[in-house]
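Letter by letter, the chains look like this.
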Amino acid sequence: MTNTLPLSLLTQEPQLKALPPLALYIHFPWCEKKCPYCDFNSHQVKDVNGKGSAATKNAPGFDEPRYIKALIADLETELPRIWGRQVHSIFIGGGTPSLLSPEGMNDLLSAVRARIHLEPNCEITMEANPGSVESEKFAAFAKSGINRVSLGIQSFQDKQLKALGRIHNGDEAKRAIAIAMEHFKSVNIDLMYGLPNQSLEAAKADIEAALAFKTPHLSLYNLTLEPNTYFASFPPKLPSEDEIDAIFEQNLSLLNTAGYQRYEVSAYAKKGQECKHNLNYWRFGDYIGIGAGAHGKISLPDQITRQVRERHPETYMQAIETAGNALIEARAIPAKDLPFEFMLNVLRLTDGVEAATFSERTGLPIHVMAKGLEEASKKGLLDTNPIRLKATEQGLRYLNNLQEIFL
């Protein structure tokens with residue numbers, strides 16, 4: 001690993017000539033069931049007696065009005081820091097945001113519009129799980145302003161879904177996609193590969209089932225065993241590295257043939273259908289993060305700051321209600337860390353970014369990364385084009401190695 005900054009710049013503050021695009025992330029922390037592979041900040045809903053997983057229409061297992069009120073108050077604490085700036089995308093993630101009632105979603109988005117200026121045609125994405133999809137509810141979500149849905153399908157095969165701890169089956173997955181495409185302008189399907197005991201043929205069947213719907217966007221993730229998850233403690237039998245490589249190459253070929261372009265390590269889209277919100281992350285843009293455990297990144301002319309909120313929903317709401325603020329961390333990113341943080345994101349993009357973007361988004365001259373750029377190029381991990389920061393095919397395959405060069 002290479003420290004890319006000369007000593008003279010270790011304490012230099014960034015000087016931004018222009019602020020990057022701004023997005024809003026809203027975290028909804030509840031799920032009907034915690035999946036064994038999931039390390040996200042999600043919490044299983046409780047039944048009316050507080051004992052189990054039993055989200056129902058009349059007893060959702062969480063205090064919706066209270067949480068929405070906390071979200072709105074949380075957003076208001078950020079307004080002085082982003083005053084005058086437009087928000088170009090909103091992402092409501094989780095958890096399972098589709099557990100919200102249509103009335104709650106409408107109240108939330110109405111409150112957001114009343115407080116911040118949204119760009120015309122603002123992309124507003126909601127994550128949803130097939131087990132919580134209802135046509136009437138999705139129609140109401142669309143009416144409230146949601147124009148993009150990301151469905152956590154993961155697989156279409158009942159055996160695999162059961163192994164992954166999902167609450168839906170293959171038929172419900174297909175029904176959910178059909179309903180989503182009826183109501184929303186853009187639909188993304190989340191799929192996983194490298195599943196327990198997954199064969200090449202089974203992986204192909206999942207991709208072909210997804211392609212049959214012709215959604216404009218697909219996200220394809222390799223199942224990994226993350227720390228502090230059930231799978232980390234009780235790991236299932238996963239395919240070997242060679243088998244996973246074969247599955248990936250097969251998937252890539254099928255997606256390319258169907259007209260999907262890989263524009264990020266795990267994201268594939270038809271032309272012009274890339275996710276604006278995620279592109280903003282990967283291009284080192286700014287984002288307000290509200291909700292339990294939410295992270296945010298906000299640039300000012302002389303510093304770039306990161307924030308973290310209280311993680312547990314109850315602690316988060318209490319902090320908002322009693323202190324008016326749920327922040328547990330708010331820090332300026334030191335200049336010495338900016339090259340790594342920038343490259344950690346942009347190198348995920350298959351086309352990378354223009355080299356000038358580094359100075360635009362960090363306020364530092366690009367020559368502070370000279371040693372790292374030279375090392376990465378010599379190792380064949382970084383494209384040698386001097387006006388573009390772009391991973392090679394080998395660099396994308398060994399992305400962690402490439403990113404660590406700038407740590």
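The preceding data block contains the structure.
Residues numbered from 1 in each chain as written. Predicted model: local features only at pLDDT ≥ 70, side-chain atom pairs only at ≥ 80, totals over all residues. Heavy atoms only, no water.

What follows covers the environment of Ser-219. Tracing the backbone shows Ser-219 in strand S8 (residues 217-222). Sequence spacing of Ser-219 and Met-192 is 27 residues, and the spatial spacing of their C-alpha atoms is 8.3 Å. Setting aside residues up to four positions removed in sequence, Ser-219 forms contacts with Asn-188, Ile-189, Asp-190, Leu-191 and Ser-266. (Helix = DSSP H or I, 4+ residues; strand = E, 2+ residues; numbered from the N terminus. Contact = heavy atoms within 4.5 Å.)

Moving on, we get to the pattern of salt bridges. Within the structure shown, the criterion is met by 17 salt bridges. In this structure, Arg-348 engages Glu-264 in a salt bridge whose closest nitrogen and oxygen atoms are separated by 2.5 Å. A residue pair is termed long-range when its members are at least 10 positions apart, and Arg-348 in the loop between helix H11 (338-346) and strand S15 (353-354) and Glu-264 in strand S9 (residues 261-264) qualify at 84 residues. Among the residues examined, Glu-264 registers a relative accessible area of 1% and is labelled buried. As a salt-bridge pair, Arg-331 and Glu-329 come within 2.9 Å of each other at their nearest N and O atoms. Taking the relative accessible area as the measure of exposure, Glu-329 reaches 36% and is therefore partly exposed. A cluster of three or more residues bridged by salt bridges with shared partners is formed by Asp-74, Glu-78, Arg-81 and Arg-309. (Salt bridge = Lys/Arg side-chain N within 4 Å of Asp/Glu carboxyl O. Buried < 20%, exposed > 50% of the residue type's maximum accessible area, 1.4 Å probe, protein only.)

The next subject is the packing of aromatic side chains. Per the stated rule, a full pass over the model turns up 15 aromatic pairs. With 5.1 Å between their ring centres and 80° between their planes, Phe-28 and Phe-62 make a pair best called edge-to-face. Taken together, the positions of Phe-28 in strand S1 (residues 22-28) and Phe-62 in the loop between strand S3 (43-44) and helix H1 (64-82) put the pair 34 residues apart, joining distant regions of the chain. Judged by relative accessible area, Phe-28 falls into the buried class, the value being 2%. A centroid spacing of 6.4 Å and a plane angle of 35° characterise the contact between Tyr-193 and Phe-248, whose relative ring orientation is tilted. Of this pair, Tyr-193 sits in strand S7 (residues 186-193) while Phe-248 sits in helix H8 (residues 241-257), and the two are 55 residues apart along the sequence. You can call Phe-248 buried: its relative accessible area is 12%. An aromatic cluster is present here, built from Phe-28, Trp-30, Phe-62, Tyr-67 and Tyr-316 joined pairwise through their rings. (Phe/Tyr/Trp six-rings, centres within 6.5 Å; stacked < 30°, edge-to-face > 60°.)

If you check helix H5 (residues 170-183), its first and last C-alpha atoms are 21 Å apart, about what 14 residues at 1.5 Å a residue would give, namely 20 Å. Looking at the buried residues of H5, the elements they touch are helix H3 (135-144), strand S6 (148-154), helix H4 (158-163) and S7. (Expected span 1.5 Å × (residues − 1).)

Turning to the side chain of Ser-89, a few remarks are in order. Relative to the helices and strands, Ser-89 is located in strand S4 (residues 86-94). Of the polar contacts made by the side chain of Ser-89, one reaches the side chain of His-277; its length is 2.9 Å. Ignoring any residue separated from it by four or fewer positions in sequence, one finds Ser-89 in contact with Leu-22, Ala-23, Leu-24, Cys-122, Glu-123, Lys-276 and His-277. (Polar contact = N/O pair within 3.5 Å; in protein donor to acceptor, adjacent residues only side chain to side chain.)

It is worth spelling out the side chain of Glu-123 at this point. Locating Glu-123 in the fold gives a position in strand S5 (residues 117-128). Look at Glu-123: it is buried, it has no salt bridge, and the nearest opposite charge is Arg-148 at 4.2 Å. Here the side chain of Glu-123 touches His-277 through a polar contact of 3.0 Å, landing on its backbone nitrogen. Excluding anything up to four places from it in sequence, Glu-123 contacts His-88, Ser-89, Ile-90, Asn-147, Arg-148, Glu-274, Cys-275, Lys-276 and His-277. (Lys, Arg positive; Asp, Glu negative; His and termini not counted.)

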